[in-house]
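Structure assessment
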Amino acid sequence: MSTEKILSSDGLPLEVSLRKAERRNKIKALLLVAPLFFFILIIYVFPIGEMLFRSIDDRKITGMLPKTFKTMENWDAKELPGEPVYAALYEDLSYLKETKTYGKIIARLNYEKSGFSSLIKKTVRKINKFEEGNYKEQFIEVHKKWGQMAYMGALKRAAPKWTFAKYLKGVDLKYDPEGEIVQVPEDRRIHKILWMRTLNVALWVTIFCFVLAYPIAHLLATLPMKYSNLLMICVLLPFWTSLLVRTSSWMVLLQQQGPINDLIVMLGIASDDNRPELMYNVIGTFVAMTQILLPFMVLPIYSVMKTISPSLMRAGKSLGGTPLVAFYKVYFPLTVPGIGAGCLLVFILSIGYYITPALVGGASGTLISNTIAYHMKSSLDWAFASALGAMLLIGVLTVYWIYNKLVGIDNIKLG
Amino acid sequence: MSLPNYTPLHYKIWHYTYLTICGLVFFFLIAPLFVILPLSFNAEQYIHFSAKMIALDPEAFSLRWYQDMIWGTKNPWGLAAKNSIIIAFFATIGSTILGTVAALGLSSRHMPYKAAVMALLISPMIVPLIISGTAIFFFMAKVGLSATHTGIILAHIILGTPFVVITVTATLSGFDHSVTRAAASLGSNPVNTFMKITLPLILPGVISGALFAFVTSFDEVVVVLFLAGLDNTTIPIQMWVGLREQLSPTIMAVATCLIIMSTLILLTAELLRRRSERLRGINR
C-alpha cells in the first residue's frame, strides 16, 4: 500500500496544517491570558519579591563605610585589626562628617551593639583634629571602645550586604557579640508568643468552624429545596456583608453593657457590678472570627454533600450498619474533600487576619498581622515588617502546598 | 424532615437534638447582624438596648443618626461614600474585563501550563491581605501612586480578579464550544462571535464575578489603610477609624445601610446563579 500523504485544502500535508492550527490556538489562548498575567506579575508578584528582598537588604550601611568594610575583608576578627582598617575608618568617617550623613549609621550600628551611638558621635566631633599616620592609637585615644573586640567585631558583622538579622528577631533570636545565634533576654521574647497565639487561634477557629459547619451543611444538603434555599440565606447574608459591619455587631454584643452580658447577669452567672470582659481579649477574637469565617467552611462542605446520593446511606444501613457506622464508614469519608477545602480556606484566612483581632482583640488577642501593621505604620521598621510578612507568607504557602500534596486540590480519595 | 411513625425513640431524640443544634448555629450566624438594625434607630446616644426600646415605646426610636450620617456637621461619610463608589466602580470594571479575558484563555484546551498560571492568577486570594498591602504599598510609593485613587483602584483590581477568573472559568466549564465554531463557519469574525454568542451565554458568570469584585473592593480595608491619604478615605476606613474610637449610633446607621446593600447584592447573585444553572442545563 502506498503511504501517500493526505493533503489539506491549502496543499500542505494534513499533519503540518493541523500543527499550524494548534499553534495558532495556543498563541490565541496565551494572548488572552497575557494581560492579566503581566498585570499581576508587575503590580503584585514583583512587589512581593521586592518585599522579600527588603527584609534581608542591609546595603545602606555597606555603602556608607565602603573602605572600612573593604579592608576588614582580610581581617579574621580574632584580635584587634591593624592600622589599615583604622585608616580606612578615618577616611569613611571624615567623609560622612563632611556630608553630615553619619546619623544614619548610628541607628544601624547601635542595633548591632549598644554604645555605638556615643562612640560615633564623640569620634566624629574630634575627627578633624586627627593627625596623619598611626590612626589606630588616635582612635583608641578618642574612645577606648575602639580598642575593644566587642565593638570592632560588631562593625565587621554589619559589613555584609545581606543579613538575616530581621528574621532572627522575628523568632526572638539575635547575634551575640561573638557572632553566635542566641536567644534574646527572657523579657523580650514576644514574637514567639505571638506566632504561637496566631497558630493557636487559626487552629481553634478552624476546629470550631468545622464543628459548627458540619451539621448545618448536612441539613442544608438534605432538606427539600424550598426550605434549604431559605436557610441558605442565613449563610450567604453574613458572607456578603461587610467585614466591618459584622465586627461592629460583635462589638455591640460583647461590650460590657451589651446583650450577652445582660443575659449573663439575668441568668445570675455574674453579678451586675462584676460583668465579665468578653471583648478586648482572646475570647472576643475567637468568637467573632468563628462567626465571620463560618460561611467559608459551610459552603465547600455543603457543595460536596450535595453530590452524595442519599441511597448510599440507605445501602450502608441495609447492609447491617447502624446509622452511626454507616455515617462513619460511608458518608463521612465522602465529605472529606469538602472538609479539606473548608479547613484550608478558614485556616489560611484566619492566620492572616487583621481587622477583627485589631478591633476586638485588645492586647492579648492581637495576632501576627497586627504586629506587621504596627511595624509598617508606627515603628517604621519596614525591614522587620517585611521579614515577618515573608515568614507568614512562607507559612501560608507551605500549608497550601502540603494540602495540595496530601489530598490534591480537586480529586481527593480516602480509603 | 418529618420522621416516620416507626422510628425508634432514641433516633427521634437524636434527630430533634440535631435539629436544635442546627437551629442554634443558624441563629449564631444570622442574629449578630440583626442587633445592629434596632440600635441604629435608637433615640439616645448609647449603644445598648434601653428599657424603653424593649417596651417598643415609639419615643425611644428616631431617625436622628441617619440624619447625622447624611447632613451631620464635619461628617466624613459623604466623601467616603463617593470615594468608595468611584474606586469600587473602576476596580470592578478592571477586574471584570481582565478576569473574563484571562478566563477565556484559561478555559481553552490549548492553554499550556494551565495549573501553574491559574495558581498565580488566584494567588491574591490566598496571600494574607496584610502581605498584599505591604507589598503593594512599597510598589505604589515607588511609582508615585500612593494616596491616589489610581493606586487604590489598581490594588483592588488585583484583589478582585481571582473571583472573576474563578466564576467565569466555572461557567465556561459547561460551555458548548460548537456554538462558536458554528458562528465562525457562518462567517462571523471572532470579536463578533464573542459579543453575540459567547458573552450572552457566560454573562451570569461574568456578572456574579463582577459582584464579587465589587464587594471585595467596596469592603476592602487593609490595603486601603496602607495606600489611602486623607482624600482617599472610604466607607470601610471611616468605619475602622470610628470603631477604634468608640461605637457610635451613626456607625450603626451606616452599618444598617451596608446590610441592606448586601441583601440586595445577595438576592442578585442568587438570581444569577439560578439563571446560569438553567442556561447551562443543570437540572436539580
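Residues numbered from 1 in each chain as written. Chains lettered and ligands numbered in written order. Predicted model: local features only at pLDDT ≥ 70, side-chain atom pairs only at ≥ 80, totals over all residues.

**Quick notes on the overall build of chain B**
Using the following cut-off: A run of H or I in DSSP becomes a helix once it reaches four residues, and a run of E becomes a strand once it reaches two; helices and strands are each numbered from the N terminus. Residues are called buried when their C-beta atom has 20 or more other C-beta atoms within 10 Å, exposed when it has 12 or fewer, and partly exposed otherwise; all C-beta atoms are positioned from the backbone. Placing a C-beta atom from the backbone of each residue, one calls two residues in contact when those atoms lie within 7 Å.
Helix and strand counts for chain B come out as 13 helices and zero strands. When the elements of chain B are put in sequence order from the N terminus, they spell out α-α-α-α-α-α-α-α-α-α-α-α-α. Taken along its principal axes, the extent of the C-alpha atoms in chain B is 75 × 75 × 35 Å. A burial count over chain B gives 43% of its 284 residues as buried. Taking the intrachain contacts of chain B between residues at least 6 apart in sequence as the baseline, contacts between residues at least 24 apart amount to 76%.

**A short note on the overall build of chain A**
What counts is decided by this rule: Only C-alpha atoms enter the radius of gyration, while the globule expectation follows 2.2 Å times N to the 0.38, with N the number of residues.
Looking only at helices and strands, chain A features 19 helices and two strands. Radius of gyration (C-alpha) of chain A: 32 Å, far over the 22 Å computed for a compact globule of 415 residues. With respect to the three principal axes, the spread of C-alpha positions in chain A is 100 × 100 × 40 Å. When burial is assessed residue by residue, chain A has 36% of its 415 residues classed as buried. Of the contacts made within chain A by residues no fewer than 6 positions apart, 66% connect residues no fewer than 24 positions apart.

**A closer look at the interface of chain B and chain A**
Heads up, the condition is: When residues are grouped by polarity, Ala, Val, Leu, Ile, Met, Phe, Trp, Tyr, Cys and Pro land in nonpolar, Asp, Glu, Lys and Arg in charged, and all others, Gly among them, in polar.
Contact with chain B, which involves 65 residues of that partner, is made by 64 residues of chain A. The element best represented in the side of chain B that touches chain A is helix 1 (residues 9-40) of chain B, accounting for 13 residues. For the side of chain B that touches chain A, the residue count by class is 54 nonpolar, nine polar and two charged.

**Considerations on the nonpolar core**
Condition: Here a nonpolar core is just a set of buried residues of the types Ala, Val, Leu, Ile, Met, Phe, Trp, Tyr and Cys, joined wherever their C-beta atoms sit within 7 Å.
Formed by 151 residues in total, the largest nonpolar core has its most connected members in Ala-213, Leu-293 and Val-298 of chain A together with Ala-102 and Leu-227 of chain B. In contact with Leu-227 of chain B, not counting residues within four places along its chain, are Ile-136, Phe-137, Met-140, Ser-146, Ala-147, Gly-151, Ile-152 and Ala-155 of chain B. Counting 24 residues, the second-largest nonpolar core is a separate cluster that includes Ile-61, Ile-105, Phe-116 and Tyr-151 of chain A.

**Things to note about the packing of helix 10 (residues 191-222) of chain A against helix 16 (residues 323-351) of chain A**
Residues and elements named next belong to chain A. Selection criterion: Interaxial angles span 0 to 180 degrees and are taken between N-to-C directions of axes, which are lines fitted to C-alpha atoms, for helices over the stretch in contact. Rotating anticlockwise by less than a right angle from the far helix to the near helix defines a left-handed crossing, while the corresponding clockwise rotation defines a right-handed one.
Look at helix 10 against helix 16: their axes get within 9 Å of each other, and the N-to-C directions meet at 145 degrees. Handedness of the crossing formed by helix 10 with helix 16: right-handed. Residues Thr-198, Val-201, Ala-202, Val-205, Thr-206, Cys-209, Phe-210 and Ala-213 of helix 10 form the contact with helix 16, whose own contacting residues are Ile-339, Gly-342, Cys-343, Val-346, Phe-347, Ser-350 and Ile-351. Taken together, the residues of the contact of helix 10 with helix 16 sort by class into eleven nonpolar, four polar and no charged.

**Overview of unusual backbone geometry**
Residues and elements named next belong to chain A. A positive phi angle, close to 60 degrees, is found at Tyr-280, a residue other than glycine. Residue class for Tyr-280 comes out partly exposed when judged on the 19 C-beta atoms lying within 10 Å of it. With phi around 60 degrees, Leu-380 is a residue other than glycine that occupies positive phi space. For Leu-380, the position within the fold is in the loop between helix 18 (368-377) and helix 19 (382-406).

**Notes on the domain arrangement of chain B**
Residue and element names in this part refer to chain B. Selection criterion: Where each domain starts and ends comes from a domain assignment, either automatic or drawn from a database.
Its domain assignment divides chain B into domain 1 (9-66) and domain 2 (76-279). A straight line from the C-alpha centre of domain 1 to that of domain 2 covers 32 Å. Counting residues at the interface gives ten residues for domain 1, matched by eight residues for domain 2. Within the residue set of the side of domain 1 that touches domain 2, elements represented by two or more residues are helix 1 and helix 3 (64-71). Top contributing element to the side of domain 1 that touches domain 2 by residue count: helix 1, with five residues. Partitioning the side of domain 1 that touches domain 2 into residue classes produces seven nonpolar, three polar and no charged.

**What to know about the domain arrangement of chain A**
Domain boundaries assigned for chain A yield domain 1 (10-43), domain 2 (59-159) and domain 3 (191-406). The centre of domain 1 of chain A, based on its C-alpha atoms, is set 43 Å off from the matching centre of domain 3 of chain A.

**Observations regarding the environment of Asn-274 of chain A**
Residue position: Asn-274 of chain A is located in the loop between helix 13 (259-266) and helix 14 (282-305). For the pair formed by Asn-274 of chain A and Gln-256 of chain A, sequence separation is 18 residues and the distance between their alpha carbons is 9.6 Å.

**Observations concerning the confidence of the model for chain A**
For the record, the criterion: Scored from 0 to 100, pLDDT records how confident the predictor is in each individual residue.
On average, residues of chain A score 84 in pLDDT, and 96% of them reach the 70 mark or higher. Note that pLDDT drops below 50 for residues 409-415 of chain A; the model gives that stretch eight contacts with residues more than four away or on any other chain.

**Remarks on the environment of Lys-329 of chain A**
Residues and elements named next belong to chain A. Following the sequence through the fold, Lys-329 ends up in helix 16. On the neighbour-count criterion, Lys-329 (13 C-beta atoms within 10 Å) is partly exposed. Sequence spacing of Lys-329 and Leu-14 is 315 residues, and the spatial spacing of their C-alpha atoms is 54 Å. Not counting the four nearest positions on each side in its chain, Lys-329 is found in contact with Gly-316 and Gly-321.

**Quick notes on the packing of helix 11 (residues 225-240) of chain A against helix 1 of chain B**
Worth spelling out the cut-off: These descriptions rest on fixed angle ranges, namely under 35 degrees for roughly parallel, over 145 for roughly antiparallel, 65 to 115 for roughly perpendicular, and the rest for oblique.
Look at helix 11 of chain A against helix 1 of chain B: their axes get within 9 Å of each other, and the N-to-C directions meet at 55 degrees. On the basis of their axis angle, the class for helix 11 of chain A and helix 1 of chain B is oblique. For the pair helix 11 of chain A and helix 1 of chain B, the sense of crossing is left-handed. The segment helix 11 of chain A lies against helix 1 of chain B, with Leu-231, Cys-234, Val-235, Leu-237 and Pro-238 of chain A engaging Phe-26, Leu-29, Ile-30 and Leu-33 of chain B. A per-class count over the contact of helix 11 of chain A with helix 1 of chain B returns nine nonpolar, no polar and no charged.

**Digging into the confidence of the model for chain B**
In the predicted model, chain B carries a mean pLDDT of 86, and the fraction of residues at 70 or more is 97%. In the predicted complex, the global pTM is 0.86; the interface-specific ipTM is 0.87.

**Points about the environment of Lys-122 of chain A**
Residue and element names in this part refer to chain A. Within the element layout of this structure, Lys-122 appears in helix 6 (residues 116-126). Separated by 21 residues in sequence, Lys-122 and His-143 place their C-alpha atoms 7.7 Å apart. Among residues more than four places away in sequence, those in contact with Lys-122 are Val-142 and His-143.

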